[in-house]
Amino acid sequence: MDSNLDGDEVEFRKHAKYFIRFLHTLPGRLASHDSTRVTIAFFAVSGLDVLNSLDMLTDTFQQDIINWIYKLQVVPKPGERGYGGIQGSSTFDVLDTPDGCGLQLYRWGHLAITYTGIAVLVALGDDLSRLNRKAIIEGVAAVQRDDGSFSATIEGSEHDMRFVYCAAAICAMLNDWGRVDRKKMADYILKSIRYDYGISQHYEMESHGGTTFCAIAALELSGQLHLITPAVREKIVRWLVFRQQDGFQGRPNKPVDTCYSFWIAATLKIMNAFELTSFKDNRDYVLSTQDATVGGFSKWPQAYTDPFHSYFGLCGLSFLNEPGLQEVMPSLNISMRAYRRLQGLQRDWSLLEDGLASGNGEVTVHIE
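Since the structure is predicted, the reported quantities are computational estimates derived from the model, not experimental observations.

Trainee: Could you clarify how one ought to interpret the overall build of the chain in this entry?
Mentor: Scanning the chain from terminus to terminus reveals 13 helices and six strands. For 368 residues, the compact-globule formula gives about 21 Å, and the C-alpha radius of gyration of the chain, at 20 Å, lands near that figure. In the chain, which comprises 368 residues, the share counted as buried stands at 54%. For the chain, contacts bridging at least 24 residues in sequence account for 69% of all contacts bridging at least 6. Roughly 16700 Å² of accessible area belongs to the chain as shown, and the carbon and sulfur atoms make up 51% of that amount.

What follows is the structure in structure tokens.
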């Protein structure tokens, strides 16, 4: 089904300029988000990718972003704990003192930042050659809890379905699960299916559209979606479809919100059931939150725009086959163009590993 129906038009150019502004300067009201600047960059870069507008960034600027991501990579020294990954900002690198005033002790990878950081690199066409993939995967395994869930960092953080998804996405992107216990992860997910067949953030919590996506996507990325029986699958789909009013809500009796045009729709796409929804109603709602003056989307009509809802609004429109937008890969939340590039890198890694294993040392590596 095509969403090219009568109604408002997508302001492609204005949305692209909106994302570019966030890559250059963050408004003062976002100062508290300093530690998550990589995630803001993810929304902006991925938004430009879905808009087919990455060419609006100069090659030099794109390379600056890539180098900045690599600067935030944290690699443990031999014998240290597995805290490898990418940190959210350079906050802990600013003091030029012999011991960093102890701040070095707080430099560790964060699962959400590592996931979004890798996604930014792939979207910008980087070959990931400077990533220490082994340290990152060991960092993922190090934060898995006994119940199968994952913490965001090596210590002092929550552990729930959000980070289960980030862990699965990282391992899937790097094509390496290392010591991650996928079976325990799946058990955690299955135990989080609630009485109404939505999936909660953690045991005994309320069903939620965002964490239902995290759970279903993690199962697909880990090759375990088949563990959900056909009967339960049908009930999860029913719960998801019932989240549509005009746009989608995240929970029963809550207002609709632009971002759920990704979270709910992507889950239905993974489960091959998106066609059960009303494309026109969904499109009309998303475009009602569009700022046609300066670009961007908000969660509700007449509310403030932000990069988060702007990116997910475009993803929601992409699922509706909106002309001019790149196709989005639902479970990894990146463009299909970036996904195909990632698949090419994974093939090259496999060829290299096979060549090294054979001992002949003669490997031809092709980078797409």
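There's more to say after this.
Trainee: I'm lost on the environment of Asp8 in this one. Help?
Mentor: Tracing the backbone through its elements, the reader meets Asp8 in the segment before α1 (12-24). Residue class for Asp8 comes out partly exposed when judged on its relative accessible area of 46%. For the pair Asp8 and Trp263, spaced 255 residues apart in the sequence, the C-alpha separation amounts to 23 Å. Contact partners of Asp8, with chain neighbours within four places excluded, come to Arg283 and Leu287.

Trainee: What's the story with the pattern of salt bridges in this structure? I'm lost.
Mentor: Between side chains of opposite charge, pairing is possible as soon as their charged atoms come close. According to the stated counting rule, one finds 13 salt bridges in the structure shown. Of the charged contacts in the structure, one is a salt bridge between Arg37 and Asp34, with a shortest N-O distance of 3.2 Å. We note a salt bridge from Arg162 to Glu158, for which the minimum N-O separation is 3.0 Å. Among the charged side chains, a salt-bridge network with shared partners connects Glu158, Asp160 and Arg162.

Trainee: Any chance you could explain helix α10 (residues 260-270) here in plain terms?
Mentor: Since the α-helix packs 3.6 residues into each turn, any two residues three or four apart lie on the same face. Within α10, ten of the eleven residues are buried, which leaves it mostly tucked inside the rest of the structure. Among the residues making up α10, those that are buried are Tyr260, Ser261, Phe262, Trp263, Ile264, Ala265, Ala266, Thr267, Leu268 and Ile270. Those residues of α10 that are buried are in contact with α8 (209-221), α9 (230-241), α11 (279-288) and α12 (307-319).

Trainee: How do you make sense of the side chain of Ser192 when you look at a structure like this?
Mentor: In this structure, Ser192 sits in the loop between α7 (182-191) and α8. Given the relative accessible area of 0%, Ser192 is considered buried. The residues touching Ser192, leaving out its near neighbours within four places in the chain, are Met161, Gly198, Ile199, Ser200, His202 and Tyr203.

What counts, and at which threshold
- Residues numbered from 1 in each chain as written.
- Predicted model: local features only at pLDDT ≥ 70, side-chain atom pairs only at ≥ 80, totals over all residues.
- Heavy atoms only, no water.
- Helix = DSSP H or I, 4+ residues; strand = E, 2+ residues; numbered from the N terminus.
- Rg over C-alpha atoms; globule rule 2.2 N^0.38 Å.
- Buried < 20%, exposed > 50% of the residue type's maximum accessible area, 1.4 Å probe, protein only.
- Contact = heavy atoms within 4.5 Å.
- Areas by Shrake-Rupley, 256 points an atom, 1.4 Å probe, with all protein chains shown as cover.
- Salt bridge = Lys/Arg side-chain N within 4 Å of Asp/Glu carboxyl O.

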